[in-house]
Amino acid sequence: MSIGHSTALEIELHRRRELAVELAQSAGGITLAHFRRSGLQIELKADQSPVTIADREAELALRAGIKERFPQDAILGEEFGEESGTSGFRWILDPIDGTKSFIRGVPLYGTLIGVEHEARSVVGVIHIPPTGEMLHAVAGDAAFYQDGAQPAVKARVSPTAKLGESLFCTSDPVTFRQVDRAAHLERLIAACQLCRTWGDCYGYLLVATGRADLMVDPLLSVWDAAALQPILEAAGGSFTDWQGRPTIYTGDAIATNSRLLAEVLQITATR
C-alpha cells in the first residue's frame, strides 16, 4: 500500500523506519571510530558479558535521536535500560550486537533497532557498520537490503525446500550446552548440508537475503530479537521461538525461509 493511501498507523511506522535507518547509520559510525583501535577498554557486566565505550556511546546517540523526533515513545536498550512513554510505541535497541566479535576486530557485528507497537515488533533495522550492509522493514511491507552505496533492493529468503540442502547458522555452540540443548545442535548439524557460526545479527541478515537458509539460537534477549522479526517476515521468511510461536519474548529463536520451519521444529520442539 502506498503512503498516500496508508492508515495513520502505517504512516507512523514508516516515519519511525526512516528515523531508525538514519540512526543506525550514525550509531554505526560511532562504533567504527573505536573498531580495531588499540587501547579499547573492556568491562564485564553483571551477567559477565562484555561492554565497551562504543556500546554506550552508540546507544546514547540512538536514544538522543529518538527523543528529539519522538519524545513520547518508550525506549528499551541493552546498556541503559528502559524509559517509559505514552505513545504506544517502544524502541528496542542493541547498539552493538556481537560485542565479542567487535572486540576481536571481526566485522560481523551490527546495530539493531526494533520498534514495537501493541506488544509486537513492527519495524526492524539491521546495520553492519564494517561492511556497510543495511536491512530494514516495516511489518506488512517489503524488506529492503542495501550493500554500501549500492541502490536498495528487495530482500527475499532462499527457495531451499529441504533441510538436507540447507545452510544452517548459529551464533555460539556453547549456548546450546548452557541450556541443556547440545543434542538439538547435533541433530541440526546432522540434518543440514552445511553449518557455519556466522553468528549474531549477521546470520539473520544472511537468512533474510537468501544466502543462508536457517539461523537457530537457544539464547536470545529481546533487544537481540526485536529488529529481526519484521525483517524476516517481510522478506518472506519466518521468525519464531523453538515452539514455532512468532514472538520475540521467549528467549530463543528460529529464523527460516518458511519452507524449512516444519522440519526445524521437529528437532527443536522436542526434548
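Residues numbered from 1 in each chain as written. Predicted model: local features only at pLDDT ≥ 70, side-chain atom pairs only at ≥ 80, totals over all residues. Heavy atoms only, no water.

A. Main features of the side chain of E79. Looking at the element boundaries, E79 is found in the loop between β3 (74–77) and β4 (81–83). Among the residues examined, E79 registers a relative accessible area of 16% and is labelled buried. In this structure the side chain of E79 is engaged in a polar contact, spanning 3.3 Å, whose partner is the side chain of K45. Those residues in contact with E79 that lie beyond four places of it in its chain are K45, V51, D55, E59 and P95. (Helix = DSSP H or I, 4+ residues; strand = E, 2+ residues; numbered from the N terminus. Buried < 20%, exposed > 50% of the residue type's maximum accessible area, 1.4 Å probe, protein only. Polar contact = N/O pair within 3.5 Å; in protein donor to acceptor, adjacent residues only side chain to side chain. Contact = heavy atoms within 4.5 Å.)

B. Main features of the pattern of salt bridges. A complete count under the given rule lists 16 salt bridges for this structure. A salt bridge links E12 to R15; the shortest N-O distance between them is 3.0 Å. Separated by three residues within a single helix, E12 and R15 lie in helix α1 (residues 8–32), roughly one turn from each other. The class for R15 is partly exposed, based on a relative accessible area of 36%. (Salt bridge = Lys/Arg side-chain N within 4 Å of Asp/Glu carboxyl O.)

C. Expanded view of the sheet that holds β4. Taken in spatial order, the eight strands of this open sheet run β4-β3-β5-β6-β7-β8-β9-β10, and their pairing is mixed. The outermost strands of the open sheet, each flanked by one partner alone, are β4 and β10 (153–154). Contacting β3, β4, β5 (89–97) and β6 (110–117), helix α2 (residues 53–69) crosses the sheet at an angle of about 155° to β5. (Pairing = 2+ DSSP bridges. Axes fitted to C-alpha atoms, helices over the stretch in contact; angles between N-to-C directions.)

D. Fine view of the packing of helix α5 (residues 182–191) against helix α9 (residues 261–268). Their axes nearest at 9 Å, the elements α5 and α9 cross at an angle of 145°. Read as a crossing pair, α5 and α9 show a hand that is right-handed. In this structure, α5 contributes H184, R187, L188 and A191 to the contact, and α9 contributes V264, I267 and T268. Its residues assigned to classes, the contact of α5 with α9 shows four nonpolar, two polar and one charged. (Left-handed = near helix turned anticlockwise from the far one by under 90°. Nonpolar A, V, L, I, M, F, W, Y, C, P; charged D, E, K, R; others polar.)

E. The sheet that holds strand β12 (residues 194–196), seen in detail. What the five strands build is an open sheet, ordered β12-β11-β13-β15-β14; its pairing is mixed. A strand with exactly one partner marks an edge of an open sheet, and here the two such strands are β12 and β14 (238–240). For this sheet, the mean angle separating the axes of adjacent strands, direction not counted, is 15°. By the bridge criterion, three bridges tie strand β11 (residues 167–169) to β12 in an arrangement that is parallel. Following the sheet pairing, F168 is matched in β12 by C195. Against the sheet, α5 makes contact with β11, β12 and β13 (214–217), and its axis sits at roughly 155° relative to β11, the strand it touches most. Here α9 sits on the sheet and contacts β13, β14 and β15 (253–256); the angle it forms with β15, its principal contact strand, is near 155°.

F. Seen up close, the nonpolar core. Core analysis: the biggest nonpolar cluster contains 36 residues, and I126, L135, Y204 and F239 have the highest contact counts within it. Listed by contribution, the elements that provide at least two residues to this core are β7 (120–128), β8 (133–138), β9 (143–147), β11, α6 (200–208), α7 (222–225), α8 (228–234) and β15. Ranked by size, the runner-up nonpolar core spans 22 residues in total, among them I66, F70, F89 and W91. (Core = buried A, V, L, I, M, F, W, Y, C linked by side-chain atoms within 4.5 Å.)

G. Just the pairing of β9, in detail. Sheet topology note: the β8/β9 ladder contains five bridges and is antiparallel. Bridge assignment links A137 to a residue of β9, and that residue is A143. As consecutive antiparallel partners, β8 and β9 are separated by four residues, and within that stretch G140 has a phi angle of approximately 90°, a positive value. By the bridge criterion, two bridges tie β9 to β10 in an arrangement that is antiparallel. Each bridged residue has a counterpart across the sheet, and for Y145 the counterpart in β10 is V153. Hairpin geometry of β9 and β10 is characterised by an intervening segment of five residues between the two adjacent antiparallel strands and by a positive phi of about 60° at G148.

This is a description of form; function is not addressed.
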